[in-house]
Amino acid sequence: MQILITHGTLAKTRVLSFNRLQLAAGLLALVILLMGLSGTIYHAVFLKAAREGWPVVSQVVRLVVRDEFAQRDRFMRENLDAMARKVGEMQAKLVRLEAMGERVSGLAGFKPDELRQMVAPSAPAKPGGQGGPFIPASSPSLDQLNALVASLDLTADQSNDLFTLVESRLFERRLASLMIPNSRPVDAPVGSRFGFRSDPFTGRAALHTGLDFAADTGTPIMAAAGGVVRSADLHPAYGNLLEIDHGNGLVTRYAHASRILVKPGDLVKRGQRVAEVGSTGRSTGPHLHFEVMVEGVLQDPAKFLAGKGLEPFDLPHGAHAAQAKAPAAGH
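Residues numbered from 1 in each chain as written. Predicted model: local features only at pLDDT ≥ 70, side-chain atom pairs only at ≥ 80, totals over all residues. Heavy atoms only, no water.

Across its full length, the protein chain carries 6 helices and 14 strands. A burial count over the protein chain gives 29% of its 331 residues as buried. (Helix = DSSP H or I, 4+ residues; strand = E, 2+ residues; numbered from the N terminus. Buried < 20%, exposed > 50% of the residue type's maximum accessible area, 1.4 Å probe, protein only.)

Ordered by their spatial adjacency, 3 strands build an open sheet running E6-E12-E10, and the pairing between neighbours is antiparallel. Two strands lie at the open edges of the sheet, namely strand E6 (220-222) and strand E10 (259-260), each paired on one side alone. Looking at chain direction, E10 and strand E12 (residues 273-276) are connected through 2 bridges and run antiparallel. Counted as the bridge partner of Arg259 is Glu276 from E12. (Pairing = 2+ DSSP bridges.)

The next subject is the packing of aromatic side chains. Using the criterion set out here, one finds 2 aromatic pairs in the structure. Judged by centre distance (6.5 Å) and plane angle (65°), the rings of Phe213 and Phe290 are edge-to-face. In this pair, Phe213 sits in strand E5 (residues 211-214) while Phe290 sits in strand E13 (residues 287-294), placing the two residues 77 residues apart along the sequence. You can call Phe290 buried: its relative accessible area is 0%. (Phe/Tyr/Trp six-rings, centres within 6.5 Å; stacked < 30°, edge-to-face > 60°.)

A separate point is the confidence of the model for the protein chain. Caution applies to low-pLDDT parts of the model: their predicted coordinates are not meant to be read in detail. Looking at the protein chain, the pLDDT average stands at 76 and 67% of residues meet or exceed 70. Of the regions scoring below 50 in pLDDT, residues 121-127 engages in 2 contacts with residues more than four places distant in sequence or in other chains. (pLDDT = per-residue confidence, 0-100. Contact = heavy atoms within 4.5 Å.)

So, on to a nonpolar patch on the surface. A cluster of nonpolar residues, Leu23, Leu27, Leu30, Leu33, Leu34, Leu37 and Ile41, forms a patch on the protein surface that exposes about 650 Å² of accessible area. Within the element layout of this structure, Ile41 appears in helix H1 (residues 20-52). Judged by its relative accessible area of 38%, Ile41 falls in the partly exposed class. (Patch = residues over 30% accessible without salt bridge, like charges linked within 9 Å, V, L, I, M, F, W, Y side chains within 5 Å. Areas by Shrake-Rupley, 256 points an atom, 1.4 Å probe, with all protein chains shown as cover. Salt bridge = Lys/Arg side-chain N within 4 Å of Asp/Glu carboxyl O.)

Any two side chains of opposite charge can pair, on the condition that their charged atoms come close. Counted according to the given criterion, the structure contains 8 salt bridges. We note a salt bridge from Glu291 to Arg253, for which the minimum N-O separation is 3.1 Å. With Glu291 in strand E13 and Arg253 in strand E9 (residues 250-257), this pair connects stretches of sequence that are 38 residues apart. Of the residues examined, Glu291 reaches a relative accessible area of 0% and is grouped as buried.

Sheet topology places strand E3 (residues 195-198) next to strand E4 (residues 205-208); 4 bridges connect them, and they run antiparallel. Bridge pairing links Arg197 to Ala206 in E4. Joining the antiparallel neighbours E3 and E4 is a turn of 6 residues, in which Gly203 adopts a positive phi near 80°.

Core analysis: the largest hydrophobic core is formed by 25 residues, its most contacted members being Val186, Phe213, Ile221, Tyr254, Val274, Leu288 and Phe290. Residue assignment for this core shows that the elements contributing at least two residues are E5, strand E8 (239-247), E9, E12, E13 and helix H5 (301-305). Residues within four places of Phe290 in sequence aside, it is in contact with Pro185, Gly210, Leu211, Phe213, Ala224, Thr252, Arg253, Tyr254, Pro301 and Leu305. Membership of the second largest hydrophobic core comes to 7 residues, among which are Val87, Leu94, Leu145 and Leu148. (Core = buried A, V, L, I, M, F, W, Y, C linked by side-chain atoms within 4.5 Å.)

A word on unusual backbone geometry. A positive phi is found at His256, a non-glycine position, where the angle reads about 65°. What makes His256 buried here is its relative accessible area of 0%. Although it is not a glycine, Glu295 adopts a positive phi angle of roughly 55°. Topologically, Glu295 is positioned in the loop between E13 and strand E14 (297-299).

A few words on the side chain of Thr252. Structurally, Thr252 is set in strand E9. Residue classification places Thr252 among the buried residues on the basis of a relative accessible area of 0%. Here Tyr254 takes part through its side chain, which lies 3.0 Å from a polar atom of the side chain of Thr252. (Polar contact = N/O pair within 3.5 Å; in protein donor to acceptor, adjacent residues only side chain to side chain.)

As a further point, take the environment of Val274. Along the chain, Val274 turns up in strand E12. Val274 sits 20 residues away from Tyr254 along the chain, and the two C-alpha atoms are 9.3 Å apart. If sequence neighbours within four positions are ignored, Val274 has contacts with Ile221, Met222, Ala223, Leu242, Ile244, Ile260, Leu261, Val262 and Val268.

Structure (structure tokens):
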């Protein structure tokens, strides 16, 4: 492409030559310049006219942008409605979660009044139950949705704290149950029970401070609950005596063992083999003499073992006196 430039009849003519690439670059530069110019005119003139209400230009601008604003508004409204439905579903799930939390809290031993005091409501409580999904009467605004989401976030945090507290209480109860000596120490029938009986050596009435489990020598003796070995010594009356401390002042004793398998300071768990049945000390035959002490006071072990195959004793009431005279009786 060539362009001829002349200044008069006697002036020399100038020739400008352009190839296709230069021509395309020039056209592109011209388009960019025109777009920039139009944008400048639009922002400097039309938008200002629309804001200040110029008589003719403002009406033209409103006609141009009205459809764009309408489409944008419709798009935002549809998205807000979708968000509102999602928030309603979240609210319904939190209501069900709250109801479940109340039931689980009851199992953990919390009373409804306790929960209401621990978890302060975000709004004054109204009489009667409340709940259900969020279904707005009209399309909600963005501020309304933000406020509702913030409320749901607070409710979720409170529910999380509540479940953490319930989990802690249930775990505490589980630990407490693991430390209560309610497992049979020997898989054997019970002989003499806790209470007064005829002493197998003197024949006089004397207090029997535990339960006797008649079993062969070497029969495994298991810990009735988890705890710490307090002592494992030879006692003149109890023979080889093992004591396990279960905490809260609770101690179990395992007497007349032929062999003790743990040492003081050892941690033992429920059902762990800690000794073997024998007939050491003041004993007339192989058996386990099992005692339970609370704060140093001897208790009836049958109260702890009830429900573990001891209801409350393996022998009929009339058979205890006869069993007390049997060879497997002891301290």
